[in-house]
Every structure is written in structure tokens, then in C-alpha cells.
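# Fold and geometry: a report
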Amino acid sequence: TMKVPIMIDFYRSLDREPTQDEAFILANSLLCSRNSSSNLLMQFIGGGNVLAGVASVTQTAQYSGARNTYIAARFIEGVAGETFGAIAAPRTEPNPNFNTEPDPFNQTTAEDLGTLYSMIYDCANQGSGLMVAYPDGEFTQTECRQMLELTSANDLQRLLQGGLPEGVRISHKNGWLDAVVGDAGVVYSTNGRNYVISVFLWEDVDFQDFERLWPLLEGVSRATWNYFNPEDQLFQPRTDLPRTAQDC
């Protein structure tokens, strides 16, 4: 899910249309969650210096309203001879009632991801959101629409998408690691009552039981859909979902 603020900062850094190569890297980062592609985007943002890009992503995310979101190091790619470095993590104040043992180099919250998707959506549809936060032309409506179009291609068929009727459009980014699973995005209701939803689940285990956690997240998604779409409710959990997420 940290790849959403990377996408936002990449577009902030552009003063032109993305090239086809850049669009391909964006797709690999957002749809396939490839760490190498995300690192390339941050290297571009930093003018060739990936740690400068790391710092920029954090600054843009927090300035945009995601106050408890940061990244302090490049993503691990798992290749031979890989080198690492890090910058100082900023001070954050997440809810003290929850301790999910977060990664010291890479943190966000459900609220922050919802905030970022709200900023993208408002930019794309009302010319506000990111365009108001950055009034000097860093973002255009076309760029924000491209972000939503790109993440609409995340055809996972599980998590938030699995709690919606088949064929409903959702622009979203998911992620899971060890004991946590999360998904955030915009759902396009059939009645026009579009909404932003962001759900993270964590349990104190070595690795999550996805056959238990994923249906729970999908249940939250289904309940939210039913609230905003009372005339088109999904009364029962879907039985046509694949056992695991679909490949990018």
C-alpha cells in the first residue's frame, strides 16, 4: 500500500505525460507490487538518488494529509549484492491504543490511505484535493484520473473487491505481509454514491491465516457496499471468489 504515495509523488515530480516506459514501471509497481519498479520510481523522483526520492515520498504524503505515513529506506528486492541505506524516520503519532509492531522503515495507517485516495478522487473529479494542496500546477485532473484508471486495473478479485457485486469498478491498492493485510481505494457505486474505503487487519501471529482474515475484510467491504447501495445489496458473501488473489 505504500506504493500509493510513491505513485502520487511520481506524478507530482512530472511536468509532462509519462513515457511508455514510465507507464510500464508504474503498472509493475501498482498492479504487480514489484519492489524493483517502486525503487525505480523513487530513484526518478530523487533525480537519480533513491534516498532523496524516499525522503520526497514521505514529505509529499505527510503534506497531503497522511500524517502517520513514511518510508525511510528503499524496498528490499532480494537480489544478490543488494545494498541498503536509510534516512531518519519522522516523528508520527498513530493511535496509541494499537501496537501492530510496525516496520520501522515503512509505515502507514488505514486513515492515511483513505485520505490519500480522497485527495486523488477529489482532484480527478472536482479539481480540488491534490490540486488545492499543491496549487502551483504540480497535479492536473488528467494525472489524478490516470492514477484512478491505473489502480482500477488491480483486478485482484479478493479483499475489498471480493465484497462487491461482480463487475463493480474499484480503484484500489492492496498489500499483505506476515501478520497484516490491507486494502484501500475508491468504490464506484451503481447509484452514484461513490465512497472511499480503507481496511487493515492485523493479528499477533507469525503469518496470517488468510482463509480467515480475507473473508473478514471482504465482509467489511460488503457491509459498506450495502450501506451506500441499499437498492442493490449483496445479502450473502460471494461464493464465486478464487481461493487466493489473482496474478497481476
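This write-up is about the structure you can find in this document. In this text, all values refer to a predicted model and were calculated from it rather than measured experimentally. (Residues numbered from 1 in each chain as written. Predicted model: local features only at pLDDT ≥ 70, side-chain atom pairs only at ≥ 80, totals over all residues. Heavy atoms only, no water.)

Evaluated as defined, the whole model comprises 2 disulfides. Here Cys32 is linked by a disulfide to Cys248, with a sulfur-sulfur distance of 2.1 Å. Torsion about the S-S bond of the Cys32 and Cys248 cystine: about 90°, corresponding to right-handed handedness. Of this pair, Cys32 sits in the loop between helix H2 (20–30) and helix H3 (35–45) while Cys248 sits in the segment after helix H8 (210–228); the two residues are 216 residues apart in sequence, bridging distant segments of the chain. (Disulfide = S-S within 2.5 Å. Helix = DSSP H or I, 4+ residues; strand = E, 2+ residues; numbered from the N terminus.)

This next bit is on H2. An α-helical turn contains 3.6 residues, so a residue and the one three or four places further along point in the same direction. Looking at H2, one finds that the buried residues are Glu22, Leu26, Asn28, Ser29 and Leu30. On the buried face of H2, the contacting elements are helix H1 (3–13), H3, helix H7 (141–152) and strand E3 (170–177). (Buried < 20%, exposed > 50% of the residue type's maximum accessible area, 1.4 Å probe, protein only. Contact = heavy atoms within 4.5 Å.)

Most of strand E4 (residues 180–187) sits out of view: 7 of its 8 residues are buried. Counting the residues that bridge the hairpin from E3 to E4 gives 2 residues, and of these Asp178 lies at a positive phi of roughly 45°. Bridging between E4 and strand E5 (residues 195–202) involves 8 bridges; their strand directions are antiparallel. In the sheet register, Val186 faces E5, and the bridge partner there is Val196. (Pairing = 2+ DSSP bridges.)

The next subject is the pattern of salt bridges. A complete count under the given rule lists 11 salt bridges for this structure. The closest approach of N and O atoms between Arg16 and Glu22, which form a salt bridge, is 2.8 Å. For Arg16, a relative accessible area of 37% translates into the label partly exposed. Under the relative-accessibility criterion, Glu22 is labelled buried at 11%. The shortest N-O distance in the salt bridge between Glu93 and Arg91 comes to 3.8 Å. Here the two residues Glu93 and Arg91 agree in accessibility, since each one is exposed. (Salt bridge = Lys/Arg side-chain N within 4 Å of Asp/Glu carboxyl O.)

Tracing the sequence through the fold places Thr1 in the segment before H1. Ignoring sequence-local partners within four residues, the contact set of Thr1 consists of Thr108, Leu113, Lys173, Asn174, Gly175, Gly182 and Phe200.

Further remarks concern the packing of H1 against H7. Each pair of packed helices gets described by two things: the angle between the helix axes and the distance between those axes. One can describe the packing of H1 onto H7 by two numbers: an axis separation of 11 Å at closest approach and a directional angle of 150°. Considering only the axes of H1 and H7, their crossing is right-handed. From H1, Met7, Ile8 and Tyr11 reach across to H7, where they touch Glu143, Gln146, Met147, Leu150 and Thr151. Partitioned by chemical class, the residues of the contact of H1 with H7 number 5 nonpolar, 2 polar and 1 charged. (Axes fitted to C-alpha atoms, helices over the stretch in contact; angles between N-to-C directions. Left-handed = near helix turned anticlockwise from the far one by under 90°. Nonpolar A, V, L, I, M, F, W, Y, C, P; charged D, E, K, R; others polar.)

Applying the stated criterion to the full structure yields 9 aromatic pairs. On the basis of an interplanar angle of 55° and a centroid distance of 5.1 Å, the ring pair of Phe10 and Phe44 is categorised as tilted. Of this pair, Phe10 sits in helix H1 while Phe44 sits in helix H3; the two residues are 34 residues apart in sequence, bridging distant segments of the chain. Members of the aromatic cluster, connected to one another through ring pairs, are Phe10, Tyr11 and Phe44. Over the ring of Tyr188 we find Arg169, and its NZ or CZ is 4.1 Å from the ring centre. (Phe/Tyr/Trp six-rings, centres within 6.5 Å; stacked < 30°, edge-to-face > 60°. Lys NZ or Arg CZ within 6 Å of the ring centre and 35° of its normal.)

Purely geometric numbers; function is a separate question.
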